[in-house]
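Here is what each chain is made of, one letter per residue.
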Amino acid sequence: MRAVGSLIRARRRHLGLLAGVAVALIALLSASTSAGATARAKGLDVSTWNGTINWGKVAGAGYRFAFGKATEGTAYNDQTYTTNRNGSESAGLVFGAYHFARPAGSGLATATTSAITQANHFLAVAAPQPGELPPVLDLEVTGTLPKSRLLVWTLAWLDQIYARTGVEPFLYTSPNFWKLNLGNSTAAAAAGTPLWIAHWTSAAQPLVPAQNWNGGGWTFWQWTNCVTVPGIKRCSDGDRMNGANAASAAIGPFPVGPPLLSTPPTLVGQAEAGELLAAVPGTWEGGKPITFAYQWRRCDAAGANCTTIPNATAESYRPVTDDVGHSLKVVVTVNSAAGSAAAPSAPSAAVTPAGTPSTARPANTSPPVIVGTAQAGQLLTSSVGTWTGAPKRFAYRWRSCNASGASCVAIPHAAQSHYTLTPDDIGTTLSLVVTATGAGGSTSATTVPTSVVVAAPLPPVSIATQTVRRGIAGNLETDDGRATVTWQPGAVPVGKTVSLATFTGTLSVPGSEVALSVPGLSSKGFKWPLDLAYAQPQPGRTVLGYSTDGKVFHPIPALSPAELPPGTAVGWYVDSSNLTHVLTRTPFQVALFKRGAWGDPTYTSPNGPSLRAQVPLEVLPHAADHTILLSTRLSLHSQAQLSASVTGSGQRSVAILGHGSRLGVRLRPGGYRIVKAYRPRPGTVIVRLRLNARGWRPGSYRLRVAAFDPWRRRSGLTLRFRYP
């Protein structure tokens, strides 16, 4: 490469850059602070202009590396490339290839496409190998591109080389060219691109642009455009390496293994009919080198529901009229010696008609459509339809409507492009409002309502246990057939195991006991009620009770209509076949109890058989017969067994006379240390106890009343008094 002053002119074309990687070479071969501090290997760069070369004489003159021109633009191949490559390597020099850049492109997409196409052309010809120097981009001309677009072009070329080979290419440029035409940008240097600087000077160090190449300095230096080299007739470009061993900068062994996506593919350009879109294939870990294949796809405006565009298999694509209102994706397929992989790009904005102003408001040209089966547990999805105005984002609002598709209300938290139907949706229809927002504002479009949502059909019945599957209803029966439980999809978390078993109770009607359990279920219970049904009609004079702890049973309220209201855990109803159903939002034990009998859950208190005094205790002495009458009134909150006793100092029991005494009911005549009574229902308990006061001593006494309910919960009340 030749230059006038420090500006490089096109005689030889070489340069190297790479976008996006840190390079160990710079740390290994960083610039020294003085000319003599580091030994510098000698090298040269050659092309057809140098003619036939005697590489043995070049090596004998102490030259240790060489760069040879391989390609220029997209159509030119240097005729001496293969000869120079073979000759230099046979003579023991470390060889590398360079590409003379011909930047082009009227926009970002065309510039990116131009760079990638030239990079692919270079790799097809140069085929860099381990042991050789990395590829070089020779950047000497602008192609009339402005600074920002020329930088995009440069980075795209470097990125493509790295993406396909895993090798960080070099950038060849002069200080003035980089400062004047690329704004002295540090982008390439910060990405890890090593520098081959072209500065023809007799100084000990070259000038290095971009803040000393972002602190990394130079790796190779073209210090002259005319040096006499044995074995070459014409004077040649002379190069130095910032180090003594050129092999240390060579390409290492290529990695092996199947491709693995690191950075997804992207699209460059404006999504407008007639304007070019370019695909950047992304970066991939795994084996190298690799090749890329492309397939463009036409999607709805949100990038979903995509279909393949026939014959659109190039790295770039120009949208046509059929693409208007749709977004576009490209699927990049990577091929290596160890296998293949594929990845899609993110979708473009919706393609607008040619000439659409950038501030146009989105307009719907084809309404969104709901896809899926209107059945509980099934997933509904929706396209967003097609839009003009280049919408940037979409918002979704699912609505529940009546069976005619009217009177629609928003479903809370249903704000995605998909929705799973729940038991609440049975008997309704659904519609979706899609709102598109772009630079010009927002516009909404509404789908046609679905058909009426139906319940999921029950699968064949399972015995004792059933594992919940996505979208499938539940149907489970006890092993003796006394009861079944069914549920709709969504009521029980997927993967949980539902068990329906029998048990033996102590107070319940034999043969009516059923236990419903779900190990690992959240304390919140079932999201929608389960329906437990008895196989036989409920016997007369019985009461349904349920327990969530296996200890205490509570009454189950009747439902009318046969729906479980929000906030109610359990309820029952009788169907047209006179069979009893229990709807539940919680695992439980359920059983029948004889009405009014001991254990009837109708008379169970949530807090147990608590006792409270309604009036103060009265102490009425009867001197004539040496008795004392204790009188009070208590409240009892549950069916219970009662007991009462009176003690004095030293816990000495006082005799209770049954004649004339009451503990809710009249007591039988006789003398008692403890009196007992049964209260079948909660309510007020009248306490009148006659005590034998013969031999009583003055002091403090206690009346102790205790109660325990059918579930062995106890409560006690102590009332103190003095005598006399």
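Quick caveat: nothing in here was measured; it's all calculated off a predicted structure.

Counting residues in each nonpolar core, the largest one holds 46 residues, and the members touching the most others are L44, V58, W157 and W213. In terms of residue count, the dominant contributor to this core is helix α5 (residues 147-165) (seven residues). Apart from residues lying up to four places away in sequence, L44 is in contact with W55, V58, Y63, F65, A66, F67, L93, V229, I232, S236, D237 and D239.

In contact at an axis separation of 8 Å, helix α4 (residues 108-126) and α5 are set at 40° when each is read in the N-to-C sense. Accordingly, the angle class assigned to the pair α4 and α5 is oblique. Classified by chirality, the crossing of α5 by α4 is right-handed. Contacts from L108, A111, T112, S114, A115, I116, Q118, A119, N120, F122 and L123 in α4 reach R149, V152, W153, A156, W157, Q160, I161, R164 and T165 in α5. Classifying every residue of the contact of α4 with α5 gives 12 nonpolar, six polar and two charged.

A separate point is the state of the cysteines. Tallied over the full model, the rule gives three disulfides. Disulfide pairing is shown between C299 and C306; the S-S distance is 2.1 Å. Disulfide C299 to C306: torsion about the S-S bond roughly 105°, handedness right-handed. The residue that forms a disulfide with C401 is C408, at a sulfur-sulfur distance of 2.0 Å. Its S-S torsion of about 105° marks the bond between C401 and C408 as right-handed, since a negative value means left-handed. Under the relative-accessibility criterion, C408 is labelled partly exposed at 24%. What connects to what in the protein chain, once the bonded cysteines are numbered by sequence position, is 1-2, 3-4, 5-6.

Quick look at the pairing of strand β10 (residues 220-227) now. Taken across its eight residues, β10 has six buried, putting it largely inside the fold. Here strand β9 (residues 195-198) pairs with β10 via three bridges, running parallel. By the bridge assignment for β10, A198 is matched with Q222. As defined by bridge partners, β10 adjoins strand β11 (residues 236-241) across five bridges and the pair is classed as antiparallel. The residue bridging W221 from the neighbouring strand is R240, located in β11.

In this section: helix α3 (residues 81-90). Along α3, the residues classified as buried are Y81, N84, R85, G87 and S88. Downstream of α3 by a residue or two, G92 has a phi angle that is positive, lying close to 95°.

What follows deals with the sheet that holds strand β33 (residues 483-487). Read across the sheet, six strands follow the order β30-β32-β33-β36-β40-β39 without closing on themselves; strand pairing throughout is mixed. Each edge of the sheet is formed by a strand with only one pairing partner; in this case those strands are β30 (462-463) and β39 (570-574).

To continue, consider the packing of aromatic side chains. Summed over all chains, the structure comprises 21 aromatic pairs. Here the aromatic rings of Y172 and W196 are separated by 4.8 Å at their centres, their planes lie at 75°, and the arrangement is edge-to-face. Placement of Y172 in strand β8 (residues 170-173) and of W196 in strand β9 is noted, with a sequence separation of 24 residues between them. For Y172, a relative accessible area of 0% translates into the label buried.

Glancing now at the pattern of salt bridges. For the structure on display, the rule yields eight salt bridges. Between E72 and K69 there is a salt bridge whose closest N-O contact spans 2.6 Å. A salt bridge links R85 to E132; the nearest nitrogen and oxygen atoms lie 2.8 Å apart. Of this pair, R85 sits in helix α3 while E132 sits in the loop between α4 and β7 (133-138); the two residues are 47 residues apart in sequence, bridging distant segments of the chain.

How each quantity is defined
Residues numbered from 1 in each chain as written. Predicted model: local features only at pLDDT ≥ 70, side-chain atom pairs only at ≥ 80, totals over all residues. Heavy atoms only, no water. Core = buried A, V, L, I, M, F, W, Y, C linked by side-chain atoms within 4.5 Å. Buried < 20%, exposed > 50% of the residue type's maximum accessible area, 1.4 Å probe, protein only. Helix = DSSP H or I, 4+ residues; strand = E, 2+ residues; numbered from the N terminus. Contact = heavy atoms within 4.5 Å. Axes fitted to C-alpha atoms, helices over the stretch in contact; angles between N-to-C directions. Parallel < 35°, antiparallel > 145°, perpendicular 65-115°, else oblique. Left-handed = near helix turned anticlockwise from the far one by under 90°. Nonpolar A, V, L, I, M, F, W, Y, C, P; charged D, E, K, R; others polar. Disulfide = S-S within 2.5 Å. Pairing = 2+ DSSP bridges. Phe/Tyr/Trp six-rings, centres within 6.5 Å; stacked < 30°, edge-to-face > 60°. Salt bridge = Lys/Arg side-chain N within 4 Å of Asp/Glu carboxyl O.

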